[in-house]
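Coordinate analysis (summary)
Here is how the chains run, residue by residue.
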Amino acid sequence: MVKTALALGSACLLGGCAALASKEAVVGCQAADVVTTLYAVDRGAREANPLVEYLLTEFGPGGFIAAKISVTLIFLHYYPLMSSDAVIFVNSLTCAVAAHNAWVAGQLDRGTPAD
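Read on for an overview of the structure. (Residues numbered from 1 in each chain as written. Predicted model: local features only at pLDDT ≥ 70, side-chain atom pairs only at ≥ 80, totals over all residues. Heavy atoms only, no water.)

**Brief notes about the overall build of the protein chain**
Counting its regular elements, the protein chain contains four helices and zero strands. Secondary structure elements of the protein chain occur, N-terminal to C-terminal, as α-α-α-α. Counting only residues that meet the buried cut, the protein chain has 32% of its 115 residues in that class. The long-range share in the protein chain, meaning contacts at least 24 apart out of those at least 6 apart in sequence, stands at 71%. Accessible area for the protein chain stands at about 7,100 Å²; split by element, carbon and sulfur atoms hold 68% of it. (Helix = DSSP H or I, 4+ residues; strand = E, 2+ residues; numbered from the N terminus. Buried < 20%, exposed > 50% of the residue type's maximum accessible area, 1.4 Å probe, protein only. Contact = heavy atoms within 4.5 Å. Areas by Shrake-Rupley, 256 points an atom, 1.4 Å probe, with all protein chains shown as cover.)

What follows is the structure, given as structure tokens:
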């Protein structure tokens, strides 16, 4: 998690946060969230987001991935209308969730409680 936070902070400093306002960052942060969510859940983590928990329970990983792709495509459709500050906020939040997921999965891999 620390490495991810440092990388995120470095990207902001180097690009004046412009990197986080890009379409590529939208896709990258959403993909990181999907991968780390599935990885952590596979290792026994509990999904804290009730909507994601529902999707995983009712439709499995494929349904969750399809939903995230749909949300990402909708976000990209409206991207030109959004302020860069809003995009940076959403991307930062999504990448922070992915970093937390990775931390939880790492704790589970080491056999350490992830509370």
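Now that the structure has been shown, we can carry on.
**Some details on helix H2 (residues 23–42)**
The terminal C-alpha atoms of H2, which comprises 20 residues, lie 29 Å apart, in line with the 28 Å expected from a rise of 1.5 Å per residue. Of the positions making up H2, those classed as buried are Ala25, Val26, Cys29, Gln30, Asp33, Val34, Thr36, Thr37 and Ala40. The inward-facing, buried residues of H2 abut helix H3 (50–78) and helix H4 (84–109). Just beyond H2, the residue with positive phi is Gly44, at close to 110 degrees. (Expected span 1.5 Å × (residues − 1).)

**Some words on the packing of H2 against H4**
Contact pair H2 / H4: the axes reach a minimum separation of 8 Å and the direction vectors enclose 25 degrees. Here H2 lies roughly parallel to H4, going by the angle between them. In terms of crossing hand, the pair formed by H2 and H4 is left-handed. Residue-level inspection shows Ala25, Val26, Cys29, Gln30, Ala32, Asp33, Thr36, Thr37, Tyr39 and Ala40 of H2 in contact with H4, the latter providing Val87, Asn91, Thr94, Cys95, Val97, Ala98, Asn101, Ala102, Ala105, Leu108 and Asp109. Of the residues belonging to the contact of H2 with H4, the class tally is 13 nonpolar, six polar and two charged. (Axes fitted to C-alpha atoms, helices over the stretch in contact; angles between N-to-C directions. Parallel < 35°, antiparallel > 145°, perpendicular 65-115°, else oblique. Left-handed = near helix turned anticlockwise from the far one by under 90°. Nonpolar A, V, L, I, M, F, W, Y, C, P; charged D, E, K, R; others polar.)

**Things to note about the state of the cysteines**
Enumeration according to the criterion identifies one disulfide in this entry. One disulfide in the model links Cys29 with Cys95; its S-S distance is 2.1 Å. Taking the sign of the torsion about the S-S bond as the criterion, the disulfide between Cys29 and Cys95, at about -90 degrees, is left-handed. Remark: Cys95 occurs in helix H4 and Cys29 occurs in helix H2; sequence separation between them is 66 residues. Of the two residues, Cys29 and Cys95, neither departs from the other in class, the shared state being buried. (Disulfide = S-S within 2.5 Å.)

**Structural notes on the packing of H2 against H3**
For the pair H2 and H3, interaxial distance at closest approach is 9 Å and the crossing angle is 175 degrees. Classed by the angle they form, the pair H2 and H3 counts as roughly antiparallel. Taken together, the residues of H3 that come into contact with H2 (itself represented by Lys23, Val26, Val27, Gln30, Asp33, Val34, Thr37, Leu38 and Val41) are Val52, Leu56, Pro61, Phe64, Ile65, Lys68, Thr72, Phe75 and Leu76. Of the residues that constitute the contact of H2 with H3, the class distribution is twelve nonpolar, three polar and three charged.

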